[in-house]
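# Fold and geometry: a report
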Amino acid sequence: MKILIATDKPFAKVAVDGIREEIETAGYELVLLEKYTEKAQLLDAVKDVNGIIIRSDVIDAEVFEAAKKLKIVVRAGAGYDNVDLNAATAHRVCVMNTPGQNANAVAELALGLMVYAVRNFYNGTSGTELTGKKLGIHAYGNVGRNVARIAKGFGMEIRAYDAFCPKEVIEKDGVKAVDSVEELYKTCDMVSLHIPATPETKNSINYALLKDMPKGAVLVNTARKEVIDEDELIRLMDERGDFKYVSDIMPAAHAKFEERFAGRYFSTPKKMGAQTAEANVNAGIAAAKQIVGYLKDGIDRFRVN
Ligand code: 3PG
């Protein structure tokens, strides 16, 4: 069996070494495609492999078509909006993610972005503190829970909204579960986004939701750029000089945001939330173990298609 790591944004070396050990101990061969610049390189690399480990790499119908021997794709991470699940199923390929494995890394970055925003991007002027501020966590999954845990240490008052997570689960963590998404935005000084990109969530963070946030509001996005209605966020930030947006996923309209909202907008140049040695090791080795478990014993825990 041949397993490919296809990562446009490579794992730390220590993670690749750990993945190699898992794969080779199972008697399989590991091949590596990193920092590729053309889709043709990916199409070529998948031709004879049985399993693939990816990150945000796009695995569409054309890739499944090219990968004639493919049995499994594991997204080393949480969001799998980059994989065409219908095409995978049509080609009888199992798709999995590795939930929770990079959650702490993303949560730490979310808090880091918050500090950066309230300290005016470290420009030397007097900012504010997180202590005593109301933090809204939009979706209480693995990342949201870690954000809550860390934010408690900052002395924040934490609220969360999750359409699918029972209130008791949220409140057990000492977090106030609010009844609606509108209430979350209306009552919180800063909101941290942790919703996946789905047809339902695309463009769902819009003017109507953001306009009622309190004065000096900060929106933190370590989720996906697609969930933001960028035109409406631009309209809101045009109207409200007090509103800040900090993101780990560069908006399509990055140049416009930068030009219009200097001092109120920041985006990392490349998604950095899960880019730590620890998260790479956790998610990468989990992915390798899941591939071996599936190919050897048919274990399909964490299958998403
Ligand atoms: C995820 O969905 O796991 C995160 O967005 C991290 O994505 P990355 O592996 O591309 O950094």
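Residues numbered from 1 in each chain as written. Predicted model: local features only at pLDDT ≥ 70, side-chain atom pairs only at ≥ 80, totals over all residues. Heavy atoms only, no water.

### Focus on the site of the ligand
- Residues in close proximity to the ligand include K9, R55, S56, R75, G77, A78, G79, N102, R224, K271 and A274, which together make up its full environment.
- A distance of 2.7 Å separates an oxygen atom of the ligand from a polar atom in the backbone of A78.
- R224 is positioned such that a nitrogen or oxygen atom in its side chain is 2.8 Å from an oxygen atom of the ligand. (Near = heavy atom within 4 Å. Polar contact = N/O pair within 3.5 Å; in protein donor to acceptor, adjacent residues only side chain to side chain.)

### Structural notes on the side chain of R75
- The residue R75 is located in strand β4 (residues 72-75) in this model.
- In this structure, R75 is buried with no salt-bridge partner, the nearest side chain bearing the opposite charge being D81 at 6.1 Å.
- Separated by 2.6 Å, the side chain of R75 and the backbone oxygen of G79 make a polar contact.
- Those residues within four positions of R75 in sequence are excluded, and the remaining contacts are I54, R55, S56, N82, M96, N97, T98, R224 and K271. (Helix = DSSP H or I, 4+ residues; strand = E, 2+ residues; numbered from the N terminus. Buried < 20%, exposed > 50% of the residue type's maximum accessible area, 1.4 Å probe, protein only. Lys, Arg positive; Asp, Glu negative; His and termini not counted. Salt bridge = Lys/Arg side-chain N within 4 Å of Asp/Glu carboxyl O. Contact = heavy atoms within 4.5 Å.)

### Let's talk about the pairing of strand β10 (residues 218-221)
- Side chains V218 and V220 project from β10 onto one buried face, and the interleaved L219 and N221 project onto a second face that is buried too.
- Across four bridges, strand β9 (residues 190-193) lies against β10 in parallel orientation. The residue of β10 that forms the bridge with S192 is V220. (Pairing = 2+ DSSP bridges.)

### Examining the packing of aromatic side chains
- On inspection of all chains with the given rule, the structure shows seven aromatic pairs.
- Centre to centre, the rings of Y116 and F266 are 5.0 Å apart; their planes meet at 85°, and the pair counts as edge-to-face. Taken together, the residues Y116 in helix α5 (residues 103-118) and F266 in strand β12 (residues 265-267) connect sequence positions 150 residues apart.
- Judged by centre distance (5.9 Å) and plane angle (40°), the rings of Y245 and F257 are tilted. Residue Y245 is located in strand β11 (residues 244-247), and its partner F257 is located in helix α11 (residues 254-260); the two are separated by 12 residues in the primary sequence.
- Ring-pair connections join several aromatic residues into one group, and the members of that group are Y116, F121, Y122 and F266. (Phe/Tyr/Trp six-rings, centres within 6.5 Å; stacked < 30°, edge-to-face > 60°.)

### Focus on the sheet that holds strand β7 (residues 157-161)
- Read from one edge to the other, the open sheet built from seven strands follows the order β8-β7-β6-β9-β10-β11-β12, with strand pairing classed as parallel. Pairing within the sheet leaves two strands with one partner each, and these edge strands are β8 (176-177) and β12.
- Relative to β7, strand β6 (residues 134-138) runs parallel, the two sharing five bridges. Within β7, the residue paired with L135 across the bridge is I158.
- With respect to the sheet, helix α6 (residues 142-153) is in contact with β6 and β7, its orientation differing from that of β6 by roughly 165°. (Axes fitted to C-alpha atoms, helices over the stretch in contact; angles between N-to-C directions.)

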